[in-house]
Protein chains: 2
Amino acid sequence: MRLVIARCSVDYAGRLTAHLPSAPRLILVKADGSVSIHADDRAYKPLNWMSPPCTLKEADGVWTVVNKAGEKLIITMEEVVHDSSHELGVDPGLIKDGVEAHLQELLADRIETLGTGYSLIRREYPTAIGPVDILCRDGDGGTIAVEIKRRGEIDGVEQLTRYLDLLNRDPHLSPVKGVFAAQEIKPQARVLATDRGIGCVVLDYDALRGIEDDKLRLF
Amino acid sequence: MRLVIARCSVDYAGRLTAHLPSAPRLILVKADGSVSIHADDRAYKPLNWMSPPCTLKEADGVWTVVNKAGEKLIITMEEVVHDSSHELGVDPGLIKDGVEAHLQELLADRIETLGTGYSLIRREYPTAIGPVDILCRDGDGGTIAVEIKRRGEIDGVEQLTRYLDLLNRDPHLSPVKGVFAAQEIKPQARVLATDRGIGCVVLDYDALRGIEDDKLRLF
DNA sequence: TTCTTAATCTCGTGG
DNA sequence: CCACGAGGTTAAGAA
């Protein structure tokens, strides 16, 4: 990892063209060859960057970074204030918890959360346009397609609607009803879902996990 | 901007919980108080971060970053290899070209690109669910709603479909046909659009801009 | 390789 | 403050 603090101007030509006027900035060159340029605000997003794989050439204070697609990042250095390099090695990586895949696992294991008598058919039920998160039966033996999101917005309702259209063309399954399950459902998504006869369920992640933990403790 | 290279472990508890095992990394503390943690690969995304506004407290090698929503980032420092601070000032910011807004401008100025006899009604035609990119008339006097994207995907077709549903409820406008215009249209989006009677047009940005450039040269 | 979907998405804009 | 759309989205996973 090479850290450079310098006054520089930057030009990018690729998916769009962009220009950064001359100013002091941080330039990061990482071990994989990637380059990013940061201002002194915002944690997440660099002002400009080039993702790996790419190659960097330095000549007369002009750095040219090119990738395979022919995108170019040109950094014109004016005043280098700091320049240091450090060996970091490969990072062991982030361990996450609480994402959609985990919600799906938890809900599949506790499908009765959706209602009395519910039973799982399968997770990731395959269709021509992609897998439905959960397919299950309700207490009356009817088929239910469940779409799970961390945050339920309009896109998720549209997605579930496409699945339902398709599933209902299959005479073996039809009629299939829809349930939109999320930790948080935005009002507009709820309105759209309700308008289309899709049920909405707010999931309590801690409660679902708590149930799982109780289960685990039994063994 | 403070640059710290250190062996550290990191815990995040907020929208999810996540953990980074001990390893050497770069920790960036920016002037706005934001903190990000980078490994030695990938230009764009930090391993962990806390967006501003947030506050940082250091105590006995443990850094605690908290934001207003109660999200927490805890960095346990083990071996500090480098620690330097630099004044950068406010960045003048990025100047962009080639985005959707520009495409919309160009197409509005050359609406005949869509077909002979086409004429602009207006850009950003307001509806209850948001503005339609372009509303225009075709050669036969029929009304056309145009949705413009840089990359045309299913979401864009859904969006246009919602606009068309709404516009066709207005007896002054109905019947309104749809055109999906993009620099690149994904196959699935094309299939969905065609299935719904929506026309697809691939835009040539350079050609549109070239036409504009020719126009400018006349004055 | 291409395509699809999730993301601690981020970031702007407008009501 | 929320809702919505765009992003050089990025990044991961499947076909």
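Model, not experiment: these values are computed from the prediction.

### Focus on the protein's contact with DNA strand D
Now for step 1: Residues in close proximity to DNA strand D total 22 residues, the closest being Asn48, Trp49 and Gln188 of chain A together with Lys149 and Arg150 of chain B.
Now for step 2: Counting only the atoms of DNA strand D within 4 Å of the protein, the fraction contributed by sugar and phosphate is 76%.
Now for step 3: Here a phosphate oxygen of DNA strand D and a side-chain polar atom of Arg15 of chain A are 3.1 Å apart.
Now for step 4: Of all the secondary-structure elements, those providing two or more residues to the surface near DNA strand D are strand 4 (48–50) and helix 3 (187–195) of chain A together with strand 11 (143–152) of chain B.
Now for step 5: Counting residues per element, the surface near DNA strand D draws most heavily on strand 11 of chain B, at four residues.
Now for step 6: For the surface near DNA strand D, the per-class residue count stands at seven nonpolar, three polar and 12 charged.

### Regarding the relation of the copies chain A and chain B
Now for step 1: The two copies are related by a screw motion: chain A maps onto chain B through a turn of 179° and a shift of 0.2 Å along the axis, at an RMSD of 0.4 Å. In short, the pair behaves as if placed about a two-fold rotation axis.

### Side note on the sheet that holds strand 11 (residues 143–152) of chain A
All names here are of chain A.
Now for step 1: One open sheet accounts for five strands, arranged 9-10-11-12-13; its pairing is mixed. With one partner strand each, in any of the chains shown, strand 9 (119–125) and strand 13 (199–202) form the two edges of the open sheet. Direction aside, neighbouring strands of the sheet carry axes that sit 30° apart on average.
Now for step 2: Judged from the four bridges that link them, strand 12 (residues 176–185) and strand 13 form a sheet pairing that is parallel. Residue pairing across strands places Ala181 opposite Val201, the latter belonging to strand 13.
Now for step 3: Lying on the sheet, helix 1 (residues 100–109) is in contact with strand 9, strand 10 (132–137), strand 11 and strand 12; it crosses strand 11 at an angle near 140°.
Now for step 4: Packing of helix 3 onto the sheet brings it into contact with strand 11, strand 12 and strand 13, and relative to strand 12 it is tilted by some 170°.

### Looking at the sheet that holds strand 9 (residues 119–125) of chain B
Each strand in a sheet pairs with its neighbour through backbone hydrogen bonds, running either in the same direction (parallel) or in the opposite one (antiparallel).
All names here are of chain B.
Now for step 1: Ordered in space as 9-10-11-12-13, the five strands form an open sheet in which the pairing is mixed. Unpaired on one side and paired on the other, strand 9 and strand 13 (199–202) mark the two borders of the sheet. If you compare each strand with its neighbour and ignore which way they point, the axes differ by 30° on average.
Now for step 2: Most of the contacts of helix 1 (residues 100–109) go to strand 11, to which it runs at about 140°, and overall it touches strand 9, strand 10 (132–137), strand 11 and strand 12 (176–185).

### Here's the deal with unusual backbone geometry
Now for step 1: A cis amide bond, omega 0°, links Ser174 of chain A with the succeeding residue Pro175 of chain A.
Now for step 2: Note on placement: Pro175 of chain A falls in the loop between helix 2 (154–167) and strand 12.
Now for step 3: The residue Arg42 of chain B is not glycine, and still its phi comes out positive at about 70°.
Now for step 4: With respect to the element layout, Arg42 of chain B can be found in the loop between strand 3 (35–38) and strand 4 (48–50).
Now for step 5: The phi torsion at Glu124 of chain B lies on the positive side, around 55°, for a residue other than glycine.
Now for step 6: Within the secondary structure, Glu124 of chain B is located in strand 9.
Now for step 7: Judged by relative accessible area, which is 34%, Glu124 of chain B ranks as partly exposed.

### Some words on the UniProt feature "domain: Endonuclease NucS N-terminal PH-like" (unreviewed entry) in chain A
Now for step 1: Within this structure's numbering, the places UniProt gives as "domain: Endonuclease NucS N-terminal PH-like" (unreviewed entry) are residues 2–92 of chain A.
Now for step 2: Between the end C-alpha atoms of residues 2–92 of chain A there is a gap of 20 Å, over a span that is 0% helix and 64% strand.

### Topic: the protein's contact with DNA strand C
Now for step 1: Around DNA strand C, the surrounding shell holds 22 residues, and the nearest of these are Lys96, Lys149 and Arg150 of chain A together with Asn48 and Gln188 of chain B.
Now for step 2: The contact atoms of DNA strand C, taken as those within 4 Å of the protein, divide so that sugar and phosphate hold 79%.
Now for step 3: Within the contact set of DNA strand C, a phosphate oxygen lies 3.1 Å away from a side-chain nitrogen or oxygen of Glu100 of chain A.
Now for step 4: Residue Tyr12 of chain B places a side-chain N or O atom 3.3 Å away from a base oxygen belonging to DNA strand C.
Now for step 5: Breaking the surface near DNA strand C down by element, the ones donating at least two residues are strand 11 and helix 2 of chain A together with strand 4 and helix 3 (187–195) of chain B.
Now for step 6: At four residues, strand 11 of chain A tops the list of elements feeding residues into the surface near DNA strand C.
Now for step 7: Taken together, the residues of the surface near DNA strand C sort by class into nine nonpolar, three polar and 10 charged.

The rules we used
Residues numbered from 1 in each chain as written. Chains lettered and ligands numbered in written order. Predicted model: local features only at pLDDT ≥ 70, side-chain atom pairs only at ≥ 80, totals over all residues. Heavy atoms only, no water. Near = heavy atom within 4 Å. Polar contact = N/O pair within 3.5 Å; in protein donor to acceptor, adjacent residues only side chain to side chain. Helix = DSSP H or I, 4+ residues; strand = E, 2+ residues; numbered from the N terminus. Nonpolar A, V, L, I, M, F, W, Y, C, P; charged D, E, K, R; others polar. Least-squares fit on C-alpha atoms with pLDDT ≥ 70 in both. Pairing = 2+ DSSP bridges. Axes fitted to C-alpha atoms, helices over the stretch in contact; angles between N-to-C directions. Contact = heavy atoms within 4.5 Å. Buried < 20%, exposed > 50% of the residue type's maximum accessible area, 1.4 Å probe, protein only. UniProt positions renumbered as here; feature names shortened; annotations may be inferred.

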